[in-house]
Amino acid sequence: MRYVIVGTAGHVDHGKTLLVKALTGIDTDRLREEKERGISIELGFAYLDLPSGTRAGIVDVPGHERFIKNMLAGVGGIDIVLLVIAADEGVMPQTKEHLEIIELLQIQRGIVVLTKVDLVDEEWLMLVREDVSKALRGTVLEKAPMVAVSSVTRQGFPELIAAIDRLAGEIPDKNPGGPARLPIDRAFSVTGFGTVVTGTLITGTLRVGETVAILPEGHEARIRSLQVHKQKVDQTGPGHRVAVNLVGVEVNEVRRGQVLATPGSLQASYRIDARVEVLADAPRPLKNRSRIRFYLGAAEILGRLIVLDRDEIIPGEEAYVQLVFEEPSVAAKGDRFVLRSYSPMYTIGGGTVIDPNPKRHRRHRHDIIEALETLEKGSPEDVVRQTLRLRAVPLRSRDIEEATGLDGETVGGILAELDVQDLVFSFPCEGHILFLDREVADSWQKRIVETVSAYCETYPLRDGFPKEELRSRLFAAINSKVFNCFLHALADREMITVLDKYVRPYGDWDIPGQYREKIELLLKEFLDAGIQTPPWAEACARAGVSEKEAPEYLHHILQRGQLIKLPGDIIIHKETLERAKEAIAGHIRAHGEISLGEVRDILQTSRKYALPLLEYLDQIRFTKRVGDLRKLARG
């Protein structure tokens, strides 16, 4: 069975809910307040089987100005809109605002339904038709069929059903492939079943038993069961109104505005790049940094609008912007959205998502505007290349698919060709292949090589530049695992040498001769001194090591274990330490224990050196202290 989604729109009390009930036999007003007040507050849902065999899921939206956000939650994802206008009142304020929203969301197929025709005469109906035609001029519904009906007498219903069926036949079949994406417009709990969410499945397929993610929070859950129009199904494809029973997530963890999706297919972001158009009859220009309400799918998010190439967008114009949100959004390239003012609330305009997860941009940058134009209008190859340039971070093929809206096969083919042309830098990382624009990769490589070379020239006694410090200094936005993979890719290309914790220039590495000579002098002095070693500063002065250089020499020698630092800043040669350990162990094996005084006598030294030695041996668990005595820690 084919499915299409039909949504209502129109002014409050123009008969939308009664029209749906007359079409389907289902009363979509389910709240007591809706019954009492006679208006729709929340979304309502019904379905209609058309003569062709297509089933139309119907979303009934509220018309009252106060509930526009609920209307917006329902109108996204519909295939056909029924713009409902009461024949006894004609075009009213919310008619115009709903029509503006239809225009902004580019819902191309619709029917104008003139209701309550049983209350007017033919002459009045003709005047209303003319008024409506004038209001539709220049909009996406300008050529939409207009059907006059009465939900009381059922006049015009055969014509309306035929018109819906005709438009439904024009809608192309939706591709069930790709990741699933369902904006959640309702969430509730059912006794004995648990958490249930509903929405219109935009893309992909949902199957019983599979795991899904709840975004932007990232909770994961398993699908226990699926229903499409109250019928249980094992799987369902795009374009269906779906109820999803979830296991592993509590009802208080889900809400309208979240997105149910295939894990890993979408990323939450606090900003998006977009092209925005301001309505021609907007009361004032949309200024840079205006606070706005952003509506996408079933979500309403507060944020600010950054105009990238000017200070304001005047009514009737469009411009590239970056939207910065107060909470994360979940979007895909090509999504249509609506903007309303923060306060007082009215529809300002809307637009198209160009990049759902961009970097922060500087304003008045011609290259950024050109890049956004390419992302919006360029060829698939241009879009992939521009995405890599703008993101300027290593991306998986899946990340590029999400950013560009292109399918996996197309992205894979483009990346393979770019790799052959050496226009991307690719490298493996944790089971994935990551791609970085070649120019970006070359600049990263240059910065790393230059920074590491300068560091090692300044500190020739160090093993190299510490990896994590290098990342935090040059590429703080890149996580450690990805950065480490990039470093190893450079090492494979013989650009640098990567050690466990350090990076240094490529090639054989050795300490310059003048440094080696001073190290040998220091080691000899400490070996000759035995246990009663001199202060480090004095030894350095005798070896010709400056006060500034002394810490570098100490760090280098200690790192290699040639000298050992005891508590109290006592430094001894490793051979001296080994001889002391043998002497102490021999005494303990013979007598079962040893005292500080006995250590002092055996080593022929003073308490100043014997006590730090014993404390160090305790630390490395060679000995253990029992009262004032020591025993061997093992054996």
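Since this is a predicted model, take the numbers as computed values, not measurements.

**Concerning the overall build of the protein**
Right, so step 1: Looking only at helices and strands, one finds 19 helices and 33 strands in the protein.
Right, so step 2: Taken over C-alpha atoms, the radius of gyration comes to 36 Å for the protein, far larger than the 26 Å a tight globule of 635 residues would show.
Right, so step 3: When each of the 635 residues of the protein is scored for burial, the buried share is 51%.
Right, so step 4: Long-range contacts, defined here as pairs at least 24 residues apart, represent 65% of the contacts in the protein between residues at least 6 apart.
Right, so step 5: Accessible area for the protein stands at about 29,600 Å²; split by element, carbon and sulfur atoms hold 48% of it.

**Quick word on the layout of surface pockets**
Right, so step 1: Volume-wise, the second largest pocket comes out at about 1,000 Å³.
Right, so step 2: Lining the second largest pocket are 36 residues, and of these Lys 359, Arg 391, Ala 392, Val 393 and Ile 478 sit closest to its centre.
Right, so step 3: Broken down by secondary-structure element, the contributors of at least two residues to the lining of the second largest pocket are helix 7 (366-377), helix 8 (380-391), strand 25 (432-437), helix 11 (438-458) and helix 13 (480-492).
Right, so step 4: Broken down by element, the residue count for the lining of the second largest pocket peaks at 4 residues, all from helix 8.
Right, so step 5: Classifying every residue of the lining of the second largest pocket gives 18 nonpolar, 6 polar and 12 charged.

**A few points about the sheet that holds strand 32 (residues 623-626)**
Right, so step 1: Spatially, the 3 strands line up as an open sheet ordered 31-33-32, and their pairing is antiparallel. Pairing within the sheet leaves two strands with one partner each, and these edge strands are strand 31 (594-595) and strand 32.
Right, so step 2: Pairing of strand 32 with strand 33 (residues 629-632) involves 4 bridges; the strand directions are antiparallel. Paired with Lys 624 across the bridge in strand 33 is Lys 631.
Right, so step 3: Across the sheet, helix 17 (residues 574-591) touches strand 31, strand 32 and strand 33, and the angle it forms with strand 33 is around 95 degrees.

**Side note on the pairing of strand 29 (residues 563-566)**
Right, so step 1: Pairing of strand 29 with strand 30 (residues 570-573), which is carried by 4 bridges, proceeds in the antiparallel orientation. Bridge pairing links Ile 564 to Ile 572 in strand 30.
Right, so step 2: Taken together, strand 29 and the strand that follows it, strand 30, pair antiparallel across an intervening segment of 3 residues, in which Gly 568 is found at a positive phi of about 80 degrees.

**Remarks on the sheet that holds strand 28 (residues 502-505)**
Right, so step 1: One open sheet holds the 3 strands; their spatial order is 26-28-27, and the pairing between them is antiparallel. This sheet does not close on itself; its edge strands, each paired only once, are strand 26 (465-466) and strand 27 (496-498).
Right, so step 2: In terms of strand pairing, strand 26 meets strand 28 through 2 bridges, oriented antiparallel. The residue of strand 28 that forms the bridge with Phe 465 is Val 503.
Right, so step 3: Here helix 11 sits on the sheet and contacts strand 26, strand 27 and strand 28; the angle it forms with strand 28, its principal contact strand, is near 90 degrees.

**Quick look at unusual backbone geometry**
Right, so step 1: The amide bond that connects Leu 215 to the next residue, Pro 216, takes the cis arrangement and shows omega of 15 degrees.
Right, so step 2: Across the junction of Ser 343 and Pro 344, the peptide omega takes the value -10 degrees, indicating a cis bond.
Right, so step 3: Considering the arrangement of structural elements, one finds Pro 344 in the loop between strand 22 (336-341) and strand 23 (347-355).
Right, so step 4: Despite not being glycine, Glu 430 has its phi angle at roughly 50 degrees, a positive value.
Right, so step 5: You can see Glu 430 is positioned in the loop between strand 24 (424-429) and strand 25.

**Remarks on the side chain of Thr 605**
Right, so step 1: As for its placement among the helices and strands, Thr 605 is situated in the loop between helix 18 (596-603) and helix 19 (607-619).
Right, so step 2: Sequence-distant contacts of Thr 605, that is, excluding residues within four places in its chain, are made with Ile 531, Gln 532, Arg 600 and Ala 610.

**Here we look at the confidence of the model for the protein**
Right, so step 1: Across the protein, the average pLDDT comes to 89, with 95% of residues at 70 or higher.
Right, so step 2: Note on residues 29-42: pLDDT under 50 across the span, and 32 contacts to partners over four residues away in sequence or across chains.
Right, so step 3: For the stretch residues 63-67, pLDDT sits under 50, and the model shows 18 contacts to residues farther than four places along the chain or on other chains.

Calculation criteria
Residues numbered from 1 in each chain as written. Predicted model: local features only at pLDDT ≥ 70, side-chain atom pairs only at ≥ 80, totals over all residues. Heavy atoms only, no water. Helix = DSSP H or I, 4+ residues; strand = E, 2+ residues; numbered from the N terminus. Rg over C-alpha atoms; globule rule 2.2 N^0.38 Å. Buried < 20%, exposed > 50% of the residue type's maximum accessible area, 1.4 Å probe, protein only. Contact = heavy atoms within 4.5 Å. Areas by Shrake-Rupley, 256 points an atom, 1.4 Å probe, with all protein chains shown as cover. 1 Å grid on protein atoms, 1.4 Å probe; cavity = no way out; pocket = protein on both sides within 12 Å on 5 of 7 lines; lining within 4 Å. Points joined across faces, edges and corners; volume = space filled by probe spheres on them. Nonpolar A, V, L, I, M, F, W, Y, C, P; charged D, E, K, R; others polar. Pairing = 2+ DSSP bridges. Axes fitted to C-alpha atoms, helices over the stretch in contact; angles between N-to-C directions. pLDDT = per-residue confidence, 0-100.

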